Amino acid sequence: MRNHRKFLIWLLFAALLASVPATWAAAMRPVHAPHAMVASVHELASRAGLEMMRAGGNAVDAAVAAGFALAVVHPQAGNLGGGGFMLLRLADGNTHFIDYREKAPARASADMYLDLQGNVIPKVSLVGFKAIGVPGSVAGMVYAEKKYGKLTLERVMAPAIRLARDGFFLAWEDAQDLHDEDLAKFPESRRIFQRNGNYYEAGEVFRQPDLAQTLERIEKNPDDFYHGAMAKEIAVAIQKGGGLIAAEDLANYEVKEREPIRGSYREYDIISAPPPSSGGVALMEILNILEGYDLSKYGNRSAAAIHLISEAFRRAFFDRAEFLGDPDFSKIPVAQLIDKKYGVAWRESINPERASLSKDLKRPVIFNELERYAKLNLQPWSGPEPENTTHYSVIDPEGNAVAVTTTLNDSFGSRVTALGFLLNDEMDDFSSKQGVPNAYGLIQGAANAIGPGKRPLSAMTPTIVLKDGKLFLVLGSPGGPTIITTVANILIGVVDFGLDIQEAVNAPRFHHQWLPDILLLEDQISPDTRRLLEAKGHKLVVRHLWGDGECIRVDLNTGERLGASDGRNNGKAVGY
Ligand code: GLY
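Residues numbered from 1 in each chain as written. Predicted model: local features only at pLDDT ≥ 70, side-chain atom pairs only at ≥ 80, totals over all residues. Heavy atoms only, no water.

Along the protein chain, the regular secondary structure elements total 18 helices and 21 strands. Relative to the compact-globule value of 25 Å for 576 residues, the protein chain shows a C-alpha radius of gyration of 23 Å, a close match. The principal-axis extents of the C-alpha atoms in the protein chain amount to approximately 75 × 60 × 45 Å. Buried residues in the protein chain amount to 63% of all 576 residues. Counting contacts in the protein chain only where the partners sit at least 6 residues apart, residues at least 24 apart contribute 72% of the total. For the protein chain, the exposed area adds up to about 21200 Å²; of that, 54% sits on carbon and sulfur atoms. Placing the 62 positive and 70 negative side-chain charges of the protein chain at their respective mean positions leaves the two points 1 Å apart. (Helix = DSSP H or I, 4+ residues; strand = E, 2+ residues; numbered from the N terminus. Rg over C-alpha atoms; globule rule 2.2 N^0.38 Å. Buried < 20%, exposed > 50% of the residue type's maximum accessible area, 1.4 Å probe, protein only. Contact = heavy atoms within 4.5 Å. Areas by Shrake-Rupley, 256 points an atom, 1.4 Å probe, with all protein chains shown as cover. Lys, Arg positive; Asp, Glu negative; His and termini not counted. Charge placed at Lys NZ, Arg CZ, Asp CG, Glu CD.)

This is the structure we're talking about:
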């Protein structure tokens with residue numbers, strides 16, 4: 001009897017330990033599993049996904065379970081009140097792209113963030129009720145589950161409801177993040193996430209009963225979120241604070257399936273996010289430019305390789321600013337931008353010895369559609385890069401693969417909470433004024449002007465790579481504009497430099513986005529390399545760490561799933 005009790009106490013202790021997220025420790029090797037894998041920024045979300053596959057669900061069930069769980073355990077970016085993109089590549093070879101990006105409300109207008117003099121009013125598109133776009137995540141996840149999942153909504157939402165109701169142990173990093181100053185400006189957010197100023201500490205159990213109740217309401221009647229009492233409650237809460245979203249905006253929200261971007265890089269097929277994401281188009285432009293170089297001969301993170309790759313980044317972001325936006329509202333010349341001939345023409349403008357000047361960059365004239373170079377009235381910019389967004393990757397035993405990137409935009413979005421969940425500040429991903437940089441310093445053109453019912457331009461880049469027609473990589477990252485360059489760097493790391501997936505995710509990052517004309521480097525890139533880059537004319541800005549690659553590679557010989565969660569963060573790849 002006593003032994004029995006001892007065993008029970010041991011079991012409880014083991015369960016507690018298992019549910020405490022590990023402190024920061026860079027994974028050096030990928031996680032190996034023969035059948036299935038989930039990689040996400042939080043172990044409990046990865047485990048929620050795995051639980052579905054063990055119960056007979058497929059990769060979509062796992063992705064939806066992980067998505068709802070992230071809304072509980074990673075409120076910085078996991079969400080009900082934001083939007084996202086889900087890229088599926090099914091075992092039968094079919095691909096699908098589900099767009100549940102936020103939309104501007106009907107009352108939004110092109111100059112809504114400008115003062116009487118026509119200047120952008122600081123922060124209104126970032127923090128508070130006016131920053132909120134119509135959320136798409138609930139619609140998107142429910143749509144994906146119903147159309148492509150095998151289990152019930154009740155089953156896939158169970159882990160999230162459990163985590164919200166019973167709570168989970170807060171990791172040190174997550175407890176720190178909850179100190180966010182802007183969260184304190186909104187009484188509901190301050191109550192829920194900051195216990196009215198008595199801040200949560202690492203190791204404390206964080207329970208969210210309001211969120212549990214909302215999740216239960218969604219599970220019982222998901223339509224209510226867009227067409228019923230929940231829609232009215234959300235609209236009332238937002239309008240009370242001066243926001244524009246009405247119940248009709250929620251009723252008019254629609255999920256869209258779109259054709260993914262497809263291209264090739266060396267002997268690999270690339271499948272990625274189409275507009276309203278700029279991710280897939282920019283990624284393909286970058287890869288098309290780089291295809292003409294034998295990068296492997298320069299060595300991973302050598303100055304020569306960083307220079308060439310950054311010049312490709314510079315050119316892709318130049319086009320991003322000019323052409324990309326919501327394809328339902330503007331004609332986006334996707335075919336021309338991802339044409340290999342266009343990549344060749346851009347490559348010819350790169351000097352391997354000297355950095356180009358962004359202000360002098362000239363688009364190669366090979367397609368009429370691209371010739372109408374609008375003169376963006378460029379403004380100088382420097383400022384912090386907010387961390388935001390989250391990505392997770394799933395492969396199931398049948399070989400179905402799912403890549404999801406989802407966001408509230410900034411960390412904790414607009415900082416406004418309604419019905420227990422945070423709402424996005426995605427309106428800042430529009431250009432408040434043509435040529436004036438947004439929170440990420442991104443300059444954007446007319447295609448991404450604010451308009452009622454429009455989706456703001458995104459950089460989210462969920463990507464799947466095939467080799468010889470077989471599933472090879474599932475990739476993605478958060479990080480605003482750095483999403484695109486992080487995904488490109490991970491892909492190039494595996495393909496050109498022969499890194500394993502964990503090494504490719506952990507490798508020091510670098511980023512260029514045309515404007516501001518700076519090369520951003522992680523500080524693990526050596527001073528010698530930095531000097532060589534400066535000698536080529538690059539203006540460097542060195543930062544500590546950014547991004548969060550949550551990726552999977554398939555071993556094409558054994559079929560093993562190799563999961564990589566970013567060594568920079570507290571996530572985990574789990575498999576069986
Ligand atoms: N809000 C980040 C993105 O969509 O790119």
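Close contacts around the ligand come from Arg-101, Asn-388, Thr-389, Thr-407, Asn-409, Glu-426, Asp-429, Ser-458, Ala-459 and Met-460, and that covers them all. A distance of 2.8 Å separates a nitrogen atom of the ligand from a polar atom in the side chain of Asn-409. Taking Asp-429, its side chain carries an N or O atom lying 2.7 Å from a nitrogen atom of the ligand. For the ligand, whose unbound accessible area comes to 200 Å², protein coverage reaches 98%. Grouping the amino acids of the shell around the ligand by side-chain chemistry returns two nonpolar, five polar and three charged. (Near = heavy atom within 4 Å. Polar contact = N/O pair within 3.5 Å; in protein donor to acceptor, adjacent residues only side chain to side chain. Nonpolar A, V, L, I, M, F, W, Y, C, P; charged D, E, K, R; others polar.)

What follows covers helix 16 (residues 482-495). Residues separated by three or four positions in an α-helix point in the same direction, a consequence of the helix having 3.6 residues per turn. Over its 14 residues, helix 16 runs 20 Å from end to end, which matches the ideal 20 Å to within 8%, given 1.5 Å per residue. Counting buried residues along helix 16, 14 of its 14 residues qualify, which places the element largely inside the surrounding structure. (Expected span 1.5 Å × (residues − 1).)

Turning next to the packing of aromatic side chains. Tallied over the entire structure, the rule returns 14 aromatic pairs. Three or more aromatic residues joined by ring pairs form one cluster here, namely Phe-318, Tyr-342, Trp-346, Phe-367 and Trp-514. Directly above the aromatic system of Tyr-200 lies the positively charged group of Arg-195, at a separation of 4.2 Å from the ring centroid. (Phe/Tyr/Trp six-rings, centres within 6.5 Å; stacked < 30°, edge-to-face > 60°. Lys NZ or Arg CZ within 6 Å of the ring centre and 35° of its normal.)

The angle between the axes and the distance between the axes are what describe a pair of packed helices. It is at 10 Å that the axes of helix 12 (residues 279-290) and helix 16 come closest, and there the two elements cross at 45 degrees. Between helix 12 and helix 16, the angle is such that the two are oblique. Helix 12 and helix 16 meet at a crossing whose hand is right-handed. Contacts between helix 12 and helix 16 involve Gly-279, Ala-282, Leu-283, Ile-286, Leu-287 and Leu-290 on the former and, on the latter, Ile-484, Val-487, Ala-488, Leu-491 and Ile-492. Looking at side-chain class alone, the contact of helix 12 with helix 16 contains ten nonpolar, one polar and no charged residues. (Axes fitted to C-alpha atoms, helices over the stretch in contact; angles between N-to-C directions. Parallel < 35°, antiparallel > 145°, perpendicular 65-115°, else oblique. Left-handed = near helix turned anticlockwise from the far one by under 90°.)

Here we come to helix 10 (residues 229-240). Across its twelve residues, helix 10 extends 16 Å between first and last C-alpha, which sits within 8% of the 16 Å expected from 1.5 Å per residue. Met-230, Ala-231, Ile-234, Ala-235 and Ile-238 are the residues of helix 10 that are buried. With its buried residues spanning 130 degrees around the axis, helix 10 presents them on a single face. Seen from the buried face of helix 10, the exposed residues on the opposite side, beyond 90 degrees, are Lys-232, Val-236 and Lys-240. Residues of helix 10 that are buried sit in contact with helix 8 (209-220), helix 9 (224-227), helix 11 (247-251) and strand 13 (421-422). After helix 10 finishes, the residue Gly-242 shows a positive phi value of roughly 95 degrees. (Arc of directions from axis to C-beta.)

Within the secondary structure layout, His-96 lies in strand 4 (residues 95-100). Residue classification places His-96 among the buried residues on the basis of a relative accessible area of 18%. For His-96, the side chain forms a polar contact with the side chain of Tyr-148, separated by 3.0 Å. Excluding residues within four positions of it along the chain, His-96 makes contact with Met-86, Leu-87, Leu-88, Leu-90, Tyr-148 and Glu-257.

Take the pattern of salt bridges next. Scanning all chains against the criterion turns up 36 salt bridges. The salt bridge partner of Arg-165 is Asp-166, with a shortest N-O separation of 3.3 Å. Classification of Arg-165 by relative accessible area gives partly exposed; the value is 43%. Given the relative accessible area of 41%, Asp-166 is considered partly exposed. Between Arg-509 and Asp-566 there is a salt bridge, and its shortest N-O distance comes to 2.8 Å. In this pair, Arg-509 sits in the loop between helix 17 (501-506) and strand 16 (510-511) while Asp-566 sits in the loop between strand 20 (561-565) and strand 21 (572-575), placing the two residues 57 residues apart along the sequence. Accessibility classification places Arg-509 together with Asp-566 in one group, the buried group. (Salt bridge = Lys/Arg side-chain N within 4 Å of Asp/Glu carboxyl O.)

You can see Arg-347 is positioned in helix 15 (residues 340-348). No salt bridge forms around the buried Arg-347; measuring N to O, its nearest opposite-charge neighbour Glu-291 is 5.7 Å away. Excluding residues that lie within four positions of it along the chain, Arg-347 makes contacts with Asn-288, Ile-289, Glu-291, Gly-292 and Tyr-293.

With that settled, the discussion passes to the sheet that holds strand 7 (residues 256-258). If you walk across this open sheet you meet the seven strands as 7-4-3-11-10-2-21, and the pairing is antiparallel. At either margin of the open sheet sits one strand with a lone partner, and together these are strand 7 and strand 21. Each adjacent strand pair in this sheet contributes to an overall mean axis angle of 15 degrees, direction not counted. Alignment of strand 10 (residues 390-395) against strand 11 (residues 401-407), held across six bridges, turns out to be antiparallel. When the bridges of strand 11 are listed, Ser-393 appears paired with Ala-403. Here helix 3 (residues 59-73) sits on the sheet and contacts strand 2 (37-40), strand 3 (83-89), strand 10 and strand 11; the angle it forms with strand 10, its principal contact strand, is near 155 degrees. Sitting on the sheet, helix 4 (residues 137-148) is in contact with strand 3, strand 4, strand 7 and strand 11, with an inclination near 150 degrees to strand 4. (Pairing = 2+ DSSP bridges.)

As for its position among the elements, Ala-335 is in helix 14 (residues 334-337). In this structure the C-alpha to C-alpha distance between Ala-335 and Val-281, which are 54 residues apart in sequence, comes to 9.1 Å.

Turning our attention to the sheet that holds strand 20. Spatial strand order, 1-20-19-15-14-9-8: seven strands in an open sheet with antiparallel pairing. Each of the sheet's edge strands pairs with one partner strand only, and the pair in question is strand 1 (31-33) and strand 8 (261-265). Neighbour to neighbour, the strand axes of the sheet diverge by 25 degrees on average, direction disregarded. Here strand 15 (residues 470-475) pairs with strand 19 (residues 550-554) via two bridges, running antiparallel. Directly across from Val-474, in strand 19, lies its bridge partner Ile-552. The sheet strands contacting helix 16 are strand 8, strand 9 (268-272), strand 14 (463-467), strand 15 and strand 19, and the helix crosses strand 15 at an angle near 140 degrees.

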